[in-house]
Amino acid sequence: SWDLFLAVGHGMEPSFLAEAMKATREFFNLPLEEKQKYSNIVDGEKLGMDGYGNDMVVKENQVLDWNDRLNLLVEPEALRTYRLWPTQPPSFRDILSEYTVRCKAAANLVFRNMAKILNLQEEHLVNMIGENSITQAIFNYYPQCPRPDHVLGLKAHTDGSIITVNFADAEGLQLQRNGVWYNVPIVPNALIMNVGDIMEILSNGFFKSLVHRVVTNAEKERLSLVLVYTLELETELEPVSDLVDDKRPARYMKIKLHDYMEKYHDTYATGTLAIDGVKI
Ligand SMILES: O=C(O)CCC(=O)C(=O)O
Ligand SMILES: [Fe+2]
């Protein structure tokens, strides 16, 4: 009922998770010139999601976040842009590849259980996701912030995901429930999993996309490793037909995922919610 849970039985050893966090830290600790080799801006233009940098500024009055990010598409493998995958530290690429495979196993377990909760065939969501759906890795670095009372690490948003799997090294993530913000606790070696917009739509509103944000901290920096599970961009996103009937008509309009993502990026930048725009 919190639209978020902490997962401990995910099968990844603490030593592997520590290695993944260490490689992430080593990347963000590199000199700026080194990190900019993987910049998401080429010739002054931001071409895609992938790469290092801040989120795109699309609106004059956009509120900026106190964080630094590295975005990398990890699945399907054929669509990876290795040019933007760090070669420093040297272990980074292998760790990310392994992290992708191991998180997917945990995510699949969750997809099967969510399908069961929805009274669908156990494999329904796993089959729908298939081999060609897009998984995006987002590495977030939040430096210490001298004025945490004035700045958010990441403004309030929902994720454009089916579910999001997050591994963070410190508190800072907050979720909103009935208008109140709650801290998400850090349990050592647990993954934080939350519901995203795609799952809210597929489940016809049974699962709700989590509104969350990240606060800043004056004393310490913070890192999070986030995997965002989505579908193929050509998918017509709509509630699963088995979950729609006379008693419970479709609560969300049909929209191609590609078009939804465009709306998502615009609304994200301005701090509004894309999901509100497709509700019937
Ligand atoms: O840093 C975190 O814990 C959350 C990051 C997040 O919400 C996101 O990348 O969408
Ligand atoms: Fe998020």
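Cut-offs and rules
Residues numbered from 1 in each chain as written. Chains lettered and ligands numbered in written order. Predicted model: local features only at pLDDT ≥ 70, side-chain atom pairs only at ≥ 80, totals over all residues. Heavy atoms only, no water. UniProt positions renumbered as here; feature names shortened; annotations may be inferred. Core = buried A, V, L, I, M, F, W, Y, C linked by side-chain atoms within 4.5 Å. Buried < 20%, exposed > 50% of the residue type's maximum accessible area, 1.4 Å probe, protein only. Helix = DSSP H or I, 4+ residues; strand = E, 2+ residues; numbered from the N terminus. Donors = N, O, S within 2.8 Å, 3.2 Å for Na, K, Ca; no water. Pairing = 2+ DSSP bridges. Salt bridge = Lys/Arg side-chain N within 4 Å of Asp/Glu carboxyl O.

The name an unreviewed UniProt entry gives the protein is Fe2OG dioxygenase domain-containing protein, with Aegilops tauschii subsp. strangulata as the organism. A UniProt comment under Cofactor (unreviewed entry) is attached to the protein, and it reads "Fe cation".

Turning next to the nonpolar core. By size, the foremost hydrophobic cluster in this structure holds 76 residues, and its most contacted members are Y99, F111, F139, I163 and L237. Top contributing element to this core by residue count: helix α3 (residues 92-117), with eleven residues.

Attention now moves to the UniProt feature "domain: Fe2OG dioxygenase" (unreviewed entry) in the protein. Look at the UniProt record and you will see "domain: Fe2OG dioxygenase" (unreviewed entry) annotated at residues 133-233. In this annotation, residues 133-233 is assigned 6% helix and 46% strand; the end-to-end C-alpha distance for the span is 8 Å.

Before going further, it helps to spend a moment on the coordination of the iron ion (ligand 2). Each pair of donors in an ideal octahedron of six around a metal sits at 90 or 180 degrees, and each pair in an ideal tetrahedron of four sits at 109.5 degrees. For the iron ion (ligand 2), the protein coordination sphere consists of H157 (NE2), D159 (OD) and H212 (NE2), at 2.1 Å. On the primary sequence, the residues serving as donors to the iron ion (ligand 2) are separated as H-x1-D-x52-H. Of this pair, H157 sits in strand β7 (residues 152-157) while H212 sits in strand β12 (residues 212-215), and the two are 55 residues apart along the sequence. Each member of the pair, H157 as well as H212, is classed as buried.

Glancing now at the pairing of strand β9 (residues 173-177). Two faces make up the sheet, and in a regular strand the side chains alternate between them. Here β9 runs beside β12; their pairing, made up of three bridges, is antiparallel. Along β12, the bridge assignment pairs L175 with H212. The pairing of β9 with strand β10 (residues 180-183) spans four bridges and is antiparallel. Within β10, the residue paired with Q174 across the bridge is N183.

Our focus in this paragraph is the pattern of salt bridges. Per the counting criterion, the structure on display carries twelve salt bridges. Note that E13 is salt-bridged to R102, the shortest N-O span being 3.0 Å. Of this pair, E13 sits in the loop between β1 (4-7) and α1 (14-28) while R102 sits in helix α3, and the two are 89 residues apart along the sequence. Residue E13 is classed as partly exposed on the basis of its relative accessible area of 38%. Among the ionic pairs, E238 bridges to K254, the shortest N-O distance being 3.9 Å. Taken as a pair, E238 in the loop between β14 (236-237) and β15 (255-256) and K254 in the loop between β14 and β15 lie far apart in primary sequence, 16 residues in all. The exposure class assigned to E238 is partly exposed, which follows from its relative accessible area of 34%. Since its relative accessible area comes to 52%, K254 is described here as exposed. Through salt bridges with shared partners, a single network forms among E13, E98 and R102.

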